[in-house]
Amino acid sequence: MNPFSSPTRLRDMIRAIRACKTAAEERAVVRKECAAIRASINENDQDYMHRNLAKLMFIHMLGYPTHFGQMECLKLIASPGFPEKRMGYLGLMLLLDERQEVLMLVTNSLKQDLNHTNQYIVGLALCALGNICSAEMARDLAPEVERLLHFRDPNIRKKAALCSARIVRKVPDLAENFVNPATALLREKHHGVLITGVQLCTELCKISSEALEHVRKKCTEGLVRTLKDLANSPYSPEYDVSGFTDPFLHIRLLRLLRVLGEGDADASDSMNDILAQVATKIETNKIIGNAILYECVQTIMSVEDNGGLRVLAINILGRFLLHQDNNIRYVGLNMLMKAVTADAQAVQRHRATILERIKDSDASIRKRALELVCILVNETNVKALTKELVDYLEVSDPDFREDLTAKICSIVSKFSAEKIWYIDQMLKVLSEAGNFVKDEIWHALIVAISNASELHGYTVRALYKAFQMSAEQETLVRVAVWCIGEYGDILINNVGMLDIEDPLTVTESDVVDVVEIALKRHASDLTTKSMALVALLKLSARLPSCSERIREIIVQYKGNLVLELQQRSIEFNLIIAKHQNIRPTLVERMPALDEVTFIARRARSLPDAALTPTGPSVGLPNGVARPEAPIVDLLDINSDDAPVPSSSGGDLLQDLLGVDLSLASQKSDASQPSKNGTDVLLDLLSIGSPSAPTESPTQSNSSTINILSPKASKKVPLSPLDDLSSLSLSSKATSNAGAATTMDLLDGFAPSPSTEENNKLVYPSITAFESSSLRLVFNFSKQPGNPQTTNIQATFRNLTSNVYTDFVFQAAVPKFLQLHLDPASGNTLPASGNGSITQNMKVTNSLHGKKSLVMRIKIAYKINGKDSHEEGQINNFPRDL
């Protein structure tokens, strides 16, 4: 005998595996047994073939690979004896599935066994086919299975029906072959055959509409009669389960009736009486009774409309909510969520019970009940339900509080008819669970407050009181600080008092104290502290008597390790100390925010305005890089892109080819992605270049400061056009002589253009462009050691007797060039050559020595108030540039 072969019995192997104390010991035992089984297979040992397969099945259940024993299953199936076939079919069902190619080899053995004279072997073949039948096997063996539906033995008919259900699922085209045999099974008295016949008919009705109509016409009355007999049957020990006669057949019949009654009024009418009888007669004190009732409710809710039955079904679900078993309560809530669409009024009657389930000890039930409550909310009951939810918020578990807070805020924002009620409820939520409120919720609250001008006084007083009671709630502190910064003077003067309010005495010092507390709280994050600093800056203008104290508080953060706070402190200190004349205008009260646009964008009904060509002009949040605007390669070099609309437009953005630059397009370089999203307008105005004057953080189109983001004082990052088509222009805004001396709010000046060094390489000048009205001359120079960069001085002269005003020069270069334009020396060009305008530019050639410079230009100006322009392409650059 082979030394690796082992006649170990199955029980001995199981005992050895269970005795292992570590996974390594178990693997060692399994490896030893697998080696012995392989040796036995190689020796074709018939004595231990069935024992080896039994061991393999146990090893397979432990998760170890057993593919080497698949062929042993086929050998045992081909054996003539019942014990070998039983073990072979068991191994086939366990070790293989329908995706295995080996399965094709067993089709012939299955066909022979389905025609075997021994009914037990026929039963084995049907069990195997019903478990692992593939589409190919179904087509080959369907006639044999159909024939066995009429077999004399009920056990064979039962197994044939289950196997037929698998066949029609795999090959729906075969459904018509099984319709008549399946309906014949519905007249069986044997419950085992009847329940499988019902299941087969259910599968046929779901797969084939013709089968559904056939069963609906021929069998509905018989099924109703069968269910009635079953419901009224006396005690039968053969089918009794906890006092119920064959509950499994009950459930199968109800499911089939549900399929037949859905969408058919006549069939639904014929089963109404028996459904009402089952719903009222079944007791609910046992789990089996509740299972039957649940199926009955599902059937009632699925068949055609019958108001009385649906109310009865919803009342049963209401009783489910009072059951002690968690599973029954959960399925009751699930079913009620589906029933709301059918009869919301009937579900509303159980509102109190559903609200109680929100306080359930089971987390899944609480969440499902909360979802159902949100579905039940409407304009008439929103206040009552919100009050219940807010009251429970005080005692809810921390794990559940986030979901509860989000649902309350959603309900309040959706169904609030009055601004004051909305503000009151949101303040309650912020006071109880402010740390669980998401950013978009308190942002929406601030937007709503800014639009409710008549409630500014009421809101700021309510927030002041709430801050005294719940200073540990972060979002409450943020909203309070924002409102106090905006409406601190209203708080002191008790402006806009409502009848429901009591007078409140607040001094200027008290207002500053609140913001100082928020600023110095240990738990305050960067956003809260940034908002507090902005609020102090605004209060310095609203409360002049506290201006010096406010400045002292702000100065304390000049050396803060957080750069954001340090920057705000330095900037705000300079504003208070040196710019009292512009401070009131700078920090004036924020105008009403666009509530409609905010709500629409929050609901995602509008795309981001910054990316929408026709969308509203809404800026991105501070600190977020602006998406890269499309830029066109005006020379159309290496680009076949069609122009696409851009969100920027205006007379200033006329394309050099005579096309509006709002229809510019960009072709990105995949190997070198752009560094950030500079707006095309900023690049066209030469703001995105390193030498352009930098904008102060406080300079803005609005005289207000956006503090909804911790990066409120950050500038949107700008960058030159590195790897894209360079496009620049000097505009009226940058060509004005006064632009270079514009002082920012930090008491600084814009940087002046860098001075040129004397050791330059000078090249002959050229007349780059000349017409009857204008001449353009280029003077070239290079810095030693940097041959790729060319400094160009453009000189413009007017050849006519008319003065040119609003003079603008635009230029574009292909992708291998980078162009930087400095501001022009002026925007008025005198007549008859009596003066000139000069403008410096730098061109960097990345393919120096391989390609020459090329440039497309456009010159725009006004003559006596009328627009005029000239354009052309410059190709006569010196080749060594």
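About the criteria used
Residues numbered from 1 in each chain as written. Predicted model: local features only at pLDDT ≥ 70, side-chain atom pairs only at ≥ 80, totals over all residues. Heavy atoms only, no water. 1 Å grid on protein atoms, 1.4 Å probe; cavity = no way out; pocket = protein on both sides within 12 Å on 5 of 7 lines; lining within 4 Å. Points joined across faces, edges and corners; volume = space filled by probe spheres on them. Helix = DSSP H or I, 4+ residues; strand = E, 2+ residues; numbered from the N terminus. Nonpolar A, V, L, I, M, F, W, Y, C, P; charged D, E, K, R; others polar. Buried < 20%, exposed > 50% of the residue type's maximum accessible area, 1.4 Å probe, protein only. Contact = heavy atoms within 4.5 Å. Salt bridge = Lys/Arg side-chain N within 4 Å of Asp/Glu carboxyl O. Axes fitted to C-alpha atoms, helices over the stretch in contact; angles between N-to-C directions. Parallel < 35°, antiparallel > 145°, perpendicular 65-115°, else oblique. Left-handed = near helix turned anticlockwise from the far one by under 90°. Phe/Tyr/Trp six-rings, centres within 6.5 Å; stacked < 30°, edge-to-face > 60°.

Caption draft 1: Fine view of empty space enclosed by the protein. The final tally for this structure, using the stated rule, is 3 cavities of 30 Å³ or more. Of the voids in this model, the largest cavity is the one considered here, and its volume is about 40 Å³. Elements with a contribution of two residues or more to the lining of the largest cavity: α2 (23-42), α3 (49-61) and α4 (70-77). Across the lining of the largest cavity, the residue classes break down as 2 nonpolar, 3 polar and 3 charged.

Caption draft 2: Inspection of the environment of I420 at higher detail. Tracing the sequence through the fold places I420 in helix α23 (residues 419-433). Owing to a relative accessible area of 22%, I420 belongs among the partly exposed residues under this scheme. It is 9.8 Å that separates the C-alpha atoms of I420 and E454, two residues lying 34 residues apart in sequence. Look past the residues within four positions of I420 in its chain and what remains in contact with it is L455, Y458, L498 and I500.

Caption draft 3: The arrangement of the pattern of salt bridges in detail. For the structure on display, the rule yields 37 salt bridges. Among the salt bridges present, the one from K85 reaches D113, with a minimum N-O distance of 3.0 Å. Placement of the pair is K85 in helix α5 (residues 82-95) and D113 in helix α6 (residues 107-114), with a sequence separation of 28 residues. In this structure K85 comes out as buried when scored by relative accessible area, which is 5%. Ionic pairing is found between E356 and K359, a salt bridge with its closest N-O pair at 3.9 Å. A relative accessible area of 44% means that E356 is categorised as partly exposed. One continuous salt-bridge network, built from bridges that share partners, spans D513, E516, K520 and R549.

Caption draft 4: Structural detail: the layout of surface pockets. When its volume is computed, the second largest pocket comes out at roughly 460 Å³. As for the second largest pocket, its lining consists of 19 residues, and the residues nearest its centre are L186, E188, K189, G222 and T226. Of all the secondary-structure elements, those providing two or more residues to the lining of the second largest pocket are α11 (191-207) and α12 (209-232). It is α12 that contributes the most residues to the lining of the second largest pocket, 9 residues altogether. Grouping the amino acids of the lining of the second largest pocket by side-chain chemistry returns 6 nonpolar, 7 polar and 6 charged.

Caption draft 5: Geometry of the packing of helix α9 (residues 154-170) against α11. One can describe the packing of α9 onto α11 by two numbers: an axis separation of 9 Å at closest approach and a directional angle of 15°. The angle between the axes of α9 and α11 places the two elements in the roughly parallel class. Crossing handedness for the pair α9 and α11: left-handed. For the pair formed by α9 and α11, the contact residues are P154, R157, K158, A161, L162, S164, A165, V168 and R169 on the first element and G192, V193, T196, G197, Q199, L200, E203, L204 and I207 on the second. In terms of residue class, the contact of α9 with α11 is made up of 9 nonpolar, 5 polar and 4 charged.

Caption draft 6: Focus on the packing of aromatic side chains. Going through the model one piece at a time under the given rule, you end up with 9 aromatic pairs. Between F82 and Y120, the ring centres sit 6.5 Å apart and the planes meet at 70°, which makes this aromatic pair edge-to-face. Placement of F82 in helix α5 and of Y120 in helix α7 (residues 119-132) is noted, with a sequence separation of 38 residues between them. Using a relative accessible area of 56% as the deciding quantity, one classes Y120 as exposed. An angle of 65° between the planes, with centres 5.9 Å apart, marks the rings of F780 and F877 as edge-to-face.

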